[in-house]
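Examination of the molecular architecture
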Amino acid sequence: MNTQKEIVLTKTIVVWFLAMICCALWGSAFPMIKIGYRLVSVDTADTASQILFAGCRFAMAGLLTILIGSLLNRKILLPSRQTFPMVLKLSLFQTIIQYLFFYIGVAHTAGVKGSIIGASNVFFAILISSLIFKQETLNARKLFGCAVGFAGVVLINLNGGGIDMSMSMSGEGALVLSAVSYAVSSSMIKSFSQQENPVTLSGWQFFVGGLVMILCGWCMGGRLVLDSLPAFGVLLYLAFLSAVAYSLWGILLKYNPVSKVAMFGFMNPMFGVLFSAWLLGESSEAFGIRGITALFLVCAGICIVNRPTPDTKARA
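The sections below set out a description of the structure shown in this document. Keep in mind that this is a model prediction, so the values were computed, not measured.

**Re the packing of aromatic side chains**
The geometry of an aromatic ring pair is captured by two quantities: the separation of the ring centres and the angle between the planes. In this structure the tally under the stated criterion is 13 aromatic pairs. Aromatic side chains Phe-102 and Tyr-103 sit 5.3 Å apart centroid to centroid with 80° between the ring planes, which places their arrangement in the edge-to-face category. For Phe-102, a relative accessible area of 30% gives the class partly exposed. Members of the aromatic cluster, connected to one another through ring pairs, are Trp-26, Phe-58, Tyr-99, Phe-102, Tyr-103, Phe-206, Tyr-246 and Trp-249.

**Comments concerning the nonpolar core**
In terms of nonpolar packing, the biggest core is built from 77 residues, with Tyr-103, Met-213, Leu-238, Trp-249, Met-263, Phe-264 and Met-267 touching the most fellow members. Counting residues per element, this core draws most heavily on helix α2 (residues 12-39), at 15 residues. With residues up to four places along the chain from it excluded, the contact list for Trp-249 reads Ala-19, Cys-22, Cys-23, Trp-26, Tyr-182, Val-261, Ala-262, Phe-264 and Gly-265.

**Things to note about the packing of helix α3 (residues 47-73) against helix α9 (residues 198-219)**
Two numbers describe how α3 lies on α9: the axes approach to 7 Å, and their chain directions differ by 155°. With respect to α9, the axis of α3 lies roughly antiparallel. Handedness of the α3/α9 crossing: left-handed.

**Quick look at the side chain of Lys-142**
Within the secondary structure layout, Lys-142 lies in helix α7 (residues 140-157). Apart from residues no more than four positions distant in its own chain, Lys-142 is found in contact with Glu-136, Thr-137, Ser-259 and Val-305.

**Digging into unusual backbone geometry**
Even without being glycine, Arg-74 reaches a positive phi, approximately 60°. Secondary-structure assignment places Arg-74 in the loop between α3 and α4 (84-107). Residue Lys-134 is not a glycine yet carries a positive backbone phi of 55°.

Thresholds, definitions, all that
- Every chain is numbered independently, its residues counted from 1 as its sequence is written.
- Note on the predicted model: pLDDT of at least 70 is required for a residue's local features to be given, and 80 or more for side-chain atom pairs to be given and counted; whole-chain, interface and lining totals, by contrast, use all residues.
- Working from all heavy atoms in the structure, the side-chain values ignore hydrogens and water.
- Whether two aromatic rings pair depends on their centres lying within 6.5 Å, for rings of Phe, Tyr and Trp, where Trp uses its six-membered ring; planes under 30 degrees apart make the pair stacked, over 60 edge-to-face, and the rest tilted.
- Residue exposure (1.4 Å probe, protein chains only): buried if accessible area is under 20% of the type maximum, exposed if over 50%, otherwise partly exposed.
- Among buried residues, those of type Ala, Val, Leu, Ile, Met, Phe, Trp, Tyr and Cys that are joined through side-chain atoms within 4.5 Å constitute a nonpolar core.
- The helix and strand labels rest on DSSP assignments: H or I over at least four residues marks a helix, E over at least two residues marks a strand, and numbering proceeds from the N terminus.
- Should any heavy atoms of two residues lie within 4.5 Å, those residues are counted as being in contact.
- Interaxial angles span 0 to 180 degrees and are taken between N-to-C directions of axes, which are lines fitted to C-alpha atoms, for helices over the stretch in contact.
- Angle categories are assigned with fixed cut-offs, so that under 35 degrees is roughly parallel, over 145 is roughly antiparallel, 65 to 115 is roughly perpendicular, and the rest are oblique.
- Handedness of a crossing is defined here by the sense of rotation of the near helix relative to the far one, left-handed for an anticlockwise turn of less than a right angle and right-handed for a clockwise turn.

Everything listed is a geometric property; what it means functionally is a separate question.
See below:
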């Protein structure tokens, strides 16, 4: 049974379909977070309240993941004594460090630079998986595919004003640390999911990480005004998308090389632009020549990295 499940989850069409669902959900988070900030009265410069908002989102995502996973498995998903340290490590890198540095970095970095630096997590994920965790082999094809996909992300974020080369630890440096933390968590998920259900890992790491972020945001002076049904609805949707996307992503990482899955991360900004065009009326970037060219480059990069090699064909 496990072998049959593994075969299905390594099929290219299945990986593409599930990964695109994850990226579409994450892409929808960009405009929904903007809407959420407006509904709960959080200023775009109020980093503490943004961290508090994210903490509430992730704690709820953890509870939703545990609840849905428990219903599907017909038992309460609890990490064992042996695997609970994995939950803590994963929570530290996938939620706490990644998002604390992300919100600090975004507050001190221009939007274009932030999006481009954020996309570098795909590079870091492949490098760390290959060179540190030794989970796969690094080759020129993977690097070239990353470069092509990254070019698409850069193109979709350029607005004619160029990119300045300034660098600060509170801005660009924090975003780089966030990207590295995400990359480390990707390899951790692949490694830990061989011993524990990835849905269990995802749910509990979100819950623990969310509680820590709530505490950090509150101690920094963050405040939320969650006094309307639409505000709670947006927060619930953000929690739901995190629960579904990260659980599916963890399952894909369990059965596939990190590079094969991580490459789809370049689609997040693409979906972000499309959903922003739909929900926020920001249509100028989505449907022009630049947007279409950027999408083509990202898809080309994904195809290059996921192109079957003679070895994988022989194993198949």
